[in-house]
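# Structure assessment
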Amino acid sequence: MNEYTIVVPSNDVLSCVCGTNDKNLKLIEEHLGVPVFTRGNELSVENENPEICQKFQFIVDRIIDEIEAGGKNSDDIVLSVLNTKRRLNADEMAVLVPGAVRRVYPRTQGQAEYLNLLQTKDMVFCTGSAGSGKTFLAVAEALRLILNHKKNKLIITRPVVEAGESLGFLPGDLEDKIDPYLRPLRDAMEAILPIETVKRLTEAGIIEVAPLAYMRGRTLNNAVIILDEAQNATVSQMKMFLTRMGENSKVFVTGDPSQIDLPKKIESGLMNSINILYKIEDIGFINLGADDVVRNQLVRKIVKAYENEIKQER
């Protein structure tokens, strides 16, 4: 029988892949249905089935990528890889951004379905909890389109909702005042691309990060437009934003309905637009739940507790 072998970069990485007492290795074996052998810094399967070998290569490559990108809990990494449905071509399940510091993979089944919508629909609404990857994956797919020259411009926007303080009383010029609202979007880009690349693209006007109010009166052609924290957009703001979409553009809308900061009497434009548009087949809709939270296992437990509380109230 033929042996299919993968050389792991180092013994430390191999130890992370295998896990304590080979716990992770046993999970991989159960998933593949064949034994996995270690020899030195190599992992091997004895199998002639090309599908098994491809799955084996994909699983190990993904785990190594996640570890080298800074993943600390190899048990969580292995579980997230095995819980995500895979196609035989591993690259189809990765967002390959030219010049990126890391590959971006969906880490749950929900994230995989979300990524598929981002790649196949021109408009996508994604609701979900903190840490579910809704903004990060949208930014990654947008950067892929821009740097592969599929679109000319990336515009990322958020509604500016004043929580207790008026912008007029905050220190600095307008850019200083709105930076705290837009900083998370820049953080997402800088987690994927070198900071110098993000700065160069921003200075060239290829990437634009701006408050939602700045979208009024514009028609955005051949662009990717992301509206983040959309739960804090009013109904009129949401209608204004969605109608900015021009020729050959894509629109990604993300938000968390459980974190609406609007005054109580003002309806969220996110939920209003989903209720109005959900029957349009050309638009993609997805909700990411507690099982899709990958930021931290404790965050996942917190989100699940709140979801259970809401269900009990109903």
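Scroll up a little and you will see the structure.
Quick caveat, the model's predicted, so the values are computed rather than measured.

## Let's talk about the nonpolar core
Counting residues in each nonpolar core, the largest one holds 36 residues, and the members touching the most others are Tyr114, Leu143, Leu154 and Met189. Excluding residues that lie within four positions of it along the chain, Leu154 makes contacts with Ala142, Leu143, Ile146, Met189, Ile206, Ile207, Glu208, Val224 and Ile226. Listed in part, the 24 residues of the second largest apolar core include Cys18, Leu32, Leu43 and Phe56.

## Focus on the pattern of salt bridges
A full pass over the atoms with the stated rule returns ten salt bridges. When the shortest N-O distance is used, the salt bridge between Glu208 and Lys153 registers 3.5 Å. Of this pair, Glu208 sits in strand E6 (residues 207–211) while Lys153 sits in strand E5 (residues 153–158), placing them 55 residues apart in sequence. A relative accessible area of 22% places Lys153 in the partly exposed class. Among the ionic pairs, Arg158 bridges to Glu229, the shortest N-O distance being 3.3 Å. Taken together, the residues Arg158 in strand E5 and Glu229 in the loop between strand E7 (223–227) and helix H9 (235–242) connect sequence positions 71 residues apart. Of the residues examined, Arg158 reaches a relative accessible area of 11% and is grouped as buried.

## A word on the sheet that holds strand E3 (residues 42–46)
With antiparallel pairing, the three strands of this open sheet are ordered in space as E1-E3-E2. The open sheet has two edge strands with one neighbour each: strand E1 (3–7) and strand E2 (37–39). Strand-to-strand twist in this sheet, taken as the mean axis angle between neighbours without regard to direction, amounts to 30 degrees. The pairing of E1 with E3 spans five bridges and is classified as antiparallel. Residue pairing for E3: Ile6 is matched across the bridge by Leu43.

## Describing unusual backbone geometry
Phi at His149 is positive, roughly 60 degrees, even though this residue is not glycine. Within the secondary structure layout, His149 lies in the loop between helix H6 (134–147) and E5. Here His149 falls in the exposed class, since its relative accessible area comes to 69%. One non-glycine residue, Glu229, lies in the positive phi region at around 55 degrees. Looking at Glu229, the relative accessible area reads 25%, which means it is partly exposed.

Reading the values: rules and limits
Residues numbered from 1 in each chain as written. Predicted model: local features only at pLDDT ≥ 70, side-chain atom pairs only at ≥ 80, totals over all residues. Heavy atoms only, no water. Core = buried A, V, L, I, M, F, W, Y, C linked by side-chain atoms within 4.5 Å. Buried < 20%, exposed > 50% of the residue type's maximum accessible area, 1.4 Å probe, protein only. Contact = heavy atoms within 4.5 Å. Salt bridge = Lys/Arg side-chain N within 4 Å of Asp/Glu carboxyl O. Helix = DSSP H or I, 4+ residues; strand = E, 2+ residues; numbered from the N terminus. Pairing = 2+ DSSP bridges. Axes fitted to C-alpha atoms, helices over the stretch in contact; angles between N-to-C directions.

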